[in-house]
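Remarks on the overall topology
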Amino acid sequence: MNAATHILLRENLKALNCSHMASQIEALARHAKENGVSYEEFLLNLTETELQARAESRLKRKLREARFPLMKTLETFDYEAAPKMDRRLIRELDAGEYIKEKRNVIFLGKSGTGKTHLATGLGVCACRQGISTRFVTGCGLANELFEAQSERGLSRVIQKYARYGLLVLDELGYVPFSKESAELLFQVLTERNERGSVVITTNLGFADWTQVFGDATLTAALLDRLTHKAHIINCTWESYRLKETLKKRREAGQEQAANA
Ligand code: ADP
Ligand code: MG
């Protein structure tokens, strides 16, 4: 193929919004010529580079929009440190069926047991499946709603949170909410109810939720909505952080003893 044809072809591909094919065509055409690749196979390889590049940029965009504070995946979760964890359930959740069924997932447990890690990991899985995902702390969401209310943008923010395919609500219950904030949060969760999944992490048992939301009737209604058809995962094992710290101390102690 001569240079002029190459230039025209590249321009056409760009006009068709296939910029990755445009950047790869010369190298792939050369490779095809040298290796006797058929026209069909060449075209297949070329279109695959475009699809792959689009999938990668879509994933990057989804991850950016999700605003995970730290990148954690299920692949890096150490199940040895969480002995009572139902691995089969996590594998099932990993497949994302719960999002299609609009079920919620609630991780309950002490600090350091990996709740945020697991919730983020599920969020990353959703992003990989092309699902619009948002990570926010309970406090962060309450503040955003409170500010939106004072700026008269509340319904827009509530609708925004209703539209995500998956909402990860982290650390619900660390700080008690004011009456207004509890009601605003209730509105978001009611809007999402049975329309989209929520993954929640909390250090509180359900019996203690009234302390955080203030009102017993509102808390009961909230729990009723959230726990209906939900997967509830009790993280009853020791804190991973604590275990790591103790391990490091033990190792340092052994080193000192060996050097003495
Ligand atoms: P929690 O949200 O329950 O307080 P985190 O998810 O923040 O706990 O976990 C604390 C730290 O320990 C994080 O850096 C997390 O990645 C790590 N961690 C916790 N559990 C595990 C685990 N089972 N395997 C690997 N890392 C873990
Ligand atoms: Mg956490």
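Going by the structure above, here's the rest.
Residues numbered from 1 in each chain as written. Chains lettered and ligands numbered in written order. Predicted model: local features only at pLDDT ≥ 70, side-chain atom pairs only at ≥ 80, totals over all residues. Heavy atoms only, no water.

1. Some details on the pattern of salt bridges
- By the definition in use, this model includes 10 salt bridges.
- A salt bridge links E26 to R10; the shortest N-O distance between them is 2.6 Å. Placement of E26 in helix α2 (residues 19–35) and of R10 in helix α1 (residues 3–15) is noted, with a sequence separation of 16 residues between them.
- Since its relative accessible area comes to 36%, E26 is described here as partly exposed.
- Take R10: its relative accessible area is 25%, and that puts it in the partly exposed class.
- A salt bridge links E50 to R54, with the nearest nitrogen and oxygen atoms 2.9 Å apart. Remark: R54 and E50 occur in helix α3 (residues 39–66); sequence separation between them is four residues, near one turn of the helix. (Salt bridge = Lys/Arg side-chain N within 4 Å of Asp/Glu carboxyl O. Helix = DSSP H or I, 4+ residues; strand = E, 2+ residues; numbered from the N terminus. Buried < 20%, exposed > 50% of the residue type's maximum accessible area, 1.4 Å probe, protein only.)

2. Some points on the site of ligand 1
- Close to ligand 1 lie 15 residues; D78, G112, K115, T116 and H117 are nearest.
- At 3.1 Å from an oxygen atom of ligand 1 is found a main-chain nitrogen or oxygen belonging to T113.
- One of the side-chain nitrogen or oxygen atoms of R241 is found 3.4 Å away from an oxygen atom of ligand 1.
- When isolated, ligand 1 has an accessible area of 550 Å², and the protein chains bury 86% of it.
- No other element matches helix α6 (residues 115–128), which puts three residues into the shell around ligand 1.
- Broken down by class, the residue content of the shell around ligand 1 amounts to three nonpolar, seven polar and five charged. (Near = heavy atom within 4 Å. Polar contact = N/O pair within 3.5 Å; in protein donor to acceptor, adjacent residues only side chain to side chain. Areas by Shrake-Rupley, 256 points an atom, 1.4 Å probe, with all protein chains shown as cover. Nonpolar A, V, L, I, M, F, W, Y, C, P; charged D, E, K, R; others polar.)

3. Remarks on the sheet that holds strand β4 (residues 197–202)
- The strand order across the open sheet built from five strands is β2-β3-β4-β1-β5, with neighbouring strands paired in parallel fashion. Only two strands of the sheet have a single neighbouring strand rather than two, namely β2 (133–137) and β5 (231–235). The sheet shows a mean angle of 10° between the axes of neighbouring strands, taken without regard to direction.
- Where strand β1 (residues 105–109) lies against β5, five bridges are found, and the strand directions are parallel. Across the sheet, the residue bridging to G109 is C235, located in β5. (Pairing = 2+ DSSP bridges. Axes fitted to C-alpha atoms, helices over the stretch in contact; angles between N-to-C directions.)

4. Quick look at a positive patch on the surface
- Where like charges cluster on the molecular surface, the positive patch consists of R58, K60, R61 and R64.
- When you line up the elements, R61 lands in helix α3. (Patch = residues over 30% accessible without salt bridge, like charges linked within 9 Å, V, L, I, M, F, W, Y side chains within 5 Å. Lys, Arg positive; Asp, Glu negative; His and termini not counted. Charge placed at Lys NZ, Arg CZ, Asp CG, Glu CD.)

5. Here's the deal with the environment of T219
- Mapped onto the secondary structure, T219 falls in helix α11 (residues 216–227).
- Between the C-alpha atoms of T219 and E183, which are 36 residues apart in sequence, the distance is 9.8 Å.
- Beyond its immediate stretch of four places on either side in the chain, T219 contacts W209, T210 and F213.
- Separated by 2.6 Å, the side chain of T219 and the backbone oxygen of D215 make a polar contact. (Contact = heavy atoms within 4.5 Å.)

All quantities given are derived from atomic positions and should not be read as evidence of function.
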